[in-house]
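Secondary and tertiary structure notes
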Amino acid sequence: MTNALFPILQLSDSQFPSGAFSHSFGLETYISNGTINSSASFRKVLELFLANQFVYTDGLACRLAYEGLEIGNLEQLWQLDQSLYALGMARETREGNRRIGDRFVKIVSTLYPNHVFDQYNMELKNKNVFGHSALVFAIVSKHLGIERETAISSYGFATASSLVQNAVRGVPLGQTEGQKILVDIQPLLTDIVNRIMLLDETEFGIGAPGLEIAQMQHEAIHVRLFMS
């Protein structure tokens with residue numbers, strides 16, 4: 001477990017150079033219109049983001065990708081990649097996920113090379129897929145022998161940690177307050193993973209209209225810290 005722990009800590013670090021620090025995925029819209037104006041209001045929106053958009057898209061995609069890898073079905077991964085891109089209703093969010101995913105797969109495939117990453121990079125080069133961090137997390141976790149539930153938990157924490165660090169800059173929040181939020185939402189993250197493990201494949205892609213509208217509106221904000 002120790003050998004697998006270090007890579008998971010590395011990949012879950014909000015400072016990992018995937019480019020996620022440049023994206024708020026619509027949360028900056030809520031900061032701009034005053035919906036988020038404190039640590040309490042940010043936490044509420046973060047919880048809604050994780051319990052809705054993350055659960056039914058990125059989180060479930062990570063689980064399905066892992067299960068596809070268990071049976072050697074790489075075609076399922078490429079289909080998930082295409083579906084995740086198509087599910088991005090807001091252009092900025094869609095392109096943000098693509099940029100993060102493309103950079104993530106290139107870095108992680110260099111750090112932990114394996115034949116699945118070779119195939120993924122080939123599919124990216126041929127423009128058959130777009131790249132997504134959920135699939136990268138699944139691939140590297142399976143390669144390192146990390147259990148499926150632990151992989152999803154780590155991916156959920158990495159997502160939350162990145163958004164918290166961006167809120168520290170954007171709201172702004174104090175660093176200690178940001179870390180307190182990460183402690184407080186841990187029971188929610190556990191519940192989210194349990195839900196993801198029980199979801200049916202047909203539930204993949206269930207949307208969160210309020211968040212998607214905020215992501216679309218972000219393009220119209222005149223002063224922005226983030227690309228999405």
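**Regarding helix H3 (residues 39–70)**
- The first and last C-alpha atoms of H3 sit only 40 Å apart over 32 residues, clearly below the 46 Å expected at 1.5 Å per residue.
- At phenylalanine 54, H3 shows its strongest bend, of approximately 70 degrees.
- Counting buried positions along H3 gives 23 out of 32 residues, so the element sits mostly inside the fold.
- Positive phi shows up at glycine 72, right after H3, with a value of about 70 degrees.

**Some remarks on the nonpolar core**
- One finds Phe42, Leu46, Leu50, Val108, Tyr120, Phe137 and Ile185 to be the most contacted residues of the largest nonpolar core, which totals 70 residues.
- For this core, the element with the highest residue contribution is H3, accounting for 15 residues.
- Setting aside residues no more than four positions away along its own chain, phenylalanine 137 makes contact with Ile8, Leu11, Ser12, Cys62, Phe104, Ala151, Ser154, Tyr155 and Ala158.

**Considering a nonpolar patch on the surface**
- Together, Leu5, Phe6 and Leu9 make up a nonpolar patch on the protein surface, roughly 300 Å² of accessible area in all.
- With respect to the helices and strands, the residue leucine 9 is situated in helix H1 (residues 2–12).

**Describing the packing of aromatic side chains**
- This model, assessed by the stated rule, comprises six aromatic pairs.
- Relative to phenylalanine 130, the ring of tyrosine 85 lies with its centre 3.7 Å away and its plane at 5 degrees, an arrangement referred to as stacked. A residue pair is termed long-range when its members are at least 10 positions apart, and tyrosine 85 in helix H4 (residues 74–87) and phenylalanine 130 in the loop between helix H6 (115–125) and helix H7 (133–144) qualify at 45 residues.
- Phenylalanine 130 gets classed as partly exposed once you look at its relative accessible area, which sits at 28%.
- Taken together, a centroid distance of 5.1 Å and an interplanar angle of 40 degrees make the contact between phenylalanine 137 and tyrosine 155 tilted. Highlighted residues: phenylalanine 137 in helix H7 and tyrosine 155 in helix H8 (residues 148–170), separated in sequence by 18 residues.
- On the basis of relative accessible area, phenylalanine 137 is assigned to the buried category, the value being 2%.

Conventions adopted
- Residues numbered from 1 in each chain as written.
- Predicted model: local features only at pLDDT ≥ 70, side-chain atom pairs only at ≥ 80, totals over all residues.
- Heavy atoms only, no water.
- Helix = DSSP H or I, 4+ residues; strand = E, 2+ residues; numbered from the N terminus.
- Expected span 1.5 Å × (residues − 1).
- Bend = angle between axes of the 7 residues up to and from the residue.
- Buried < 20%, exposed > 50% of the residue type's maximum accessible area, 1.4 Å probe, protein only.
- Core = buried A, V, L, I, M, F, W, Y, C linked by side-chain atoms within 4.5 Å.
- Contact = heavy atoms within 4.5 Å.
- Patch = residues over 30% accessible without salt bridge, like charges linked within 9 Å, V, L, I, M, F, W, Y side chains within 5 Å.
- Areas by Shrake-Rupley, 256 points an atom, 1.4 Å probe, with all protein chains shown as cover.
- Salt bridge = Lys/Arg side-chain N within 4 Å of Asp/Glu carboxyl O.
- Phe/Tyr/Trp six-rings, centres within 6.5 Å; stacked < 30°, edge-to-face > 60°.

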